[in-house]
Amino acid sequence: MADYLNILTEEKNGVLYLTINREDKMNALNHATLEELKGIFEEVIDNRGIKAVILTGSGEKAFVAGADISEIASLNEVNARKFAENGQEIFAMIENCHKPIVAVTNGYTLGGGCELAMACHIRIATANAKFGQPEVNLGIIPGYGGTQRLTQLIGRGKANELMMTGDMIGAEDALALGLVNHVLPTKSEAMEKAEEIISKIMGKAPLAIGMIVDCVNAAFLPEDGYQTEANSFARCVKSGDYKEGTSAFLEKRKPIFKGE
C-alpha cells in the first residue's frame, strides 16, 4: 500500500485500517482525499491479501465533518454535475466491494462524511457521534448518493425531514433509525467491536460474502433482486468454498475457505 497525504493506512492480519487524516479540517473530504480513497479501494478490490477494511477519522471530534466547502463554493452547473458523479462513483466502488467494509464513526459524521459512512456495509458509532445531511444550509443537496442511501436506510419520511431541515441526530437516535448497527461508549471500544465483527465475517466463505453484497444492493436497483439472488446462489454452488463448507458441516469440523 502506497503512502498517502490525507489517509493513514495500516494492514494487520488481512484487515486494512484506513484513517482520514485531516484533523485540522475536521477530516473534510476534499478532491485530493477522494482521489486517494479511489486509489486505495481500487487496490483493495484487486489485492487478495486484503480481506476487509475498517474506516475511521483522525482524532475524537469528527469521522468526516463534510465535503470541503471551499471547493463546493467554486462550483458551477457544469462542473457540479461532474463533482457529484465523481463522488458517487467512488462511494459506489465502496458499496459494491465484495470485502466487508466497516465504518467507525467518531464525532461529526456530516454531509459527505455521512454519505461515506452510508456507503460502507456496516456502521459502528461512538457515543459522541452526530449524523446529518446539512447541505440544504448551503442551498444544495447531498450529491454523493446521500439522498438515495439515507432513504434506503431510514425510510422516506425521516430522510425527508433530516435532509430538508439539515438537523443532526445523535448516535442513539441513529441506532434507533437503523442508520448505524452499534453504539459504543468510546472510539477504542468501537474499533474493538468493528474488529470483532470483521473477524467473524472473515471466517466465512469469501465468495458468499461478496454475493451477499451484490444481492443486498440489488434490492435497491430497478432489476429483480430475487433473480440476482438466485443467480448468485448458483454461482456460489459452483465454487470450491461451497464444497468445503458443506463437507466441513457434515464432517463436523471448521471449514477452511480459500475464496475459490
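Provided above is the structure to which this section pertains.
Report follows, based on the coordinates. (Residues numbered from 1 in each chain as written. Predicted model: local features only at pLDDT ≥ 70, side-chain atom pairs only at ≥ 80, totals over all residues. Heavy atoms only, no water.)

Some remarks on the state of the cysteines
Part 1 of the reasoning: Here the structure, examined in full by the defined rule, presents zero disulfides.
Part 2 of the reasoning: Considering cysteine sulfurs only, Cys120 is the nearest to Cys97, which forms no disulfide, with 10.0 Å between them.
Part 3 of the reasoning: Accessibility expressed as a relative area gives 2% for Cys97, which makes it buried. (Disulfide = S-S within 2.5 Å. Buried < 20%, exposed > 50% of the residue type's maximum accessible area, 1.4 Å probe, protein only.)

Topic: the packing of helix H1 (residues 31-46) against helix H3 (residues 77-95)
Part 1 of the reasoning: Across the interface, H1 lies against H3 with an axial gap of 10 Å and an inter-helix angle of 30 degrees. Looking at the two axes, H1 sits roughly parallel to H3. The two elements H1 and H3 meet at a crossing, and its hand is left-handed. Taking contact as the criterion, the partners of His31, Leu34, Glu35, Leu37, Lys38, Phe41, Glu42 and Ile45 in H1 are, on H3, Asn86, Glu89, Ile90, Phe91, Met93 and Ile94.
Part 2 of the reasoning: Here the residues of the contact of H1 with H3 are counted per class, giving eight nonpolar, two polar and four charged. (Axes fitted to C-alpha atoms, helices over the stretch in contact; angles between N-to-C directions. Helix = DSSP H or I, 4+ residues; strand = E, 2+ residues; numbered from the N terminus. Parallel < 35°, antiparallel > 145°, perpendicular 65-115°, else oblique. Left-handed = near helix turned anticlockwise from the far one by under 90°. Contact = heavy atoms within 4.5 Å. Nonpolar A, V, L, I, M, F, W, Y, C, P; charged D, E, K, R; others polar.)

What about the pattern of salt bridges?
Part 1 of the reasoning: Under the definition given, this model contains eight salt bridges.
Part 2 of the reasoning: Residues Lys158 and Glu161 are paired through a salt bridge, measuring 3.3 Å at the closest nitrogen-oxygen approach. Pair noted here: Lys158 and Glu161 are both in helix H6 (residues 156-165), with a separation of three residues, about one helical turn.
Part 3 of the reasoning: For Lys158, a relative accessible area of 28% corresponds to the partly exposed category.
Part 4 of the reasoning: Close ionic contact of Arg253 with Glu244 constitutes a salt bridge, the shortest N to O distance being 2.7 Å.
Part 5 of the reasoning: Note on Arg253: relative accessible area 34%, which makes it partly exposed.
Part 6 of the reasoning: It is possible to trace a salt-bridge network through shared partners that takes in Glu244, Glu251 and Arg253. (Salt bridge = Lys/Arg side-chain N within 4 Å of Asp/Glu carboxyl O.)

Thoughts on the nonpolar core
Part 1 of the reasoning: Core analysis: the largest hydrophobic core is formed by 27 residues, its most contacted members being Leu37, Phe41, Phe91 and Leu116.
Part 2 of the reasoning: Looking at this core, the elements with two or more residues in it are strand E2 (15-20), H1, strand E3 (52-57), strand E4 (62-64), H3, strand E5 (101-105) and helix H4 (112-119).
Part 3 of the reasoning: Among the elements that take part in this core, H1 stands out by supplying five residues, more than any other. (Core = buried A, V, L, I, M, F, W, Y, C linked by side-chain atoms within 4.5 Å.)

Focus on the packing of H4 against helix H5 (residues 146-154)
Part 1 of the reasoning: Their axes nearest at 10 Å, the elements H4 and H5 cross at an angle of 55 degrees. Looking at the two axes, H4 sits oblique to H5. Here H4 runs over H5; the crossing is left-handed. Residues Glu115, Met118 and Ala119 of H4 touch H5, and the partners they reach there are Gly146, Arg149, Leu150 and Leu153.

Points about the sheet that holds strand E6 (residues 108-110)
Part 1 of the reasoning: Across the sheet, four strands lie side by side as E4-E6-E8-E9; this open sheet has mixed pairing. Edge positions in the sheet fall to E4 and strand E9 (169-170), since each has one partner strand and no second.
Part 2 of the reasoning: Sheet topology note: the E6/strand E8 (residues 130-132) ladder contains three bridges and is parallel. Looking across to E8, one finds that Leu110 is bridged to Gly132. (Pairing = 2+ DSSP bridges.)

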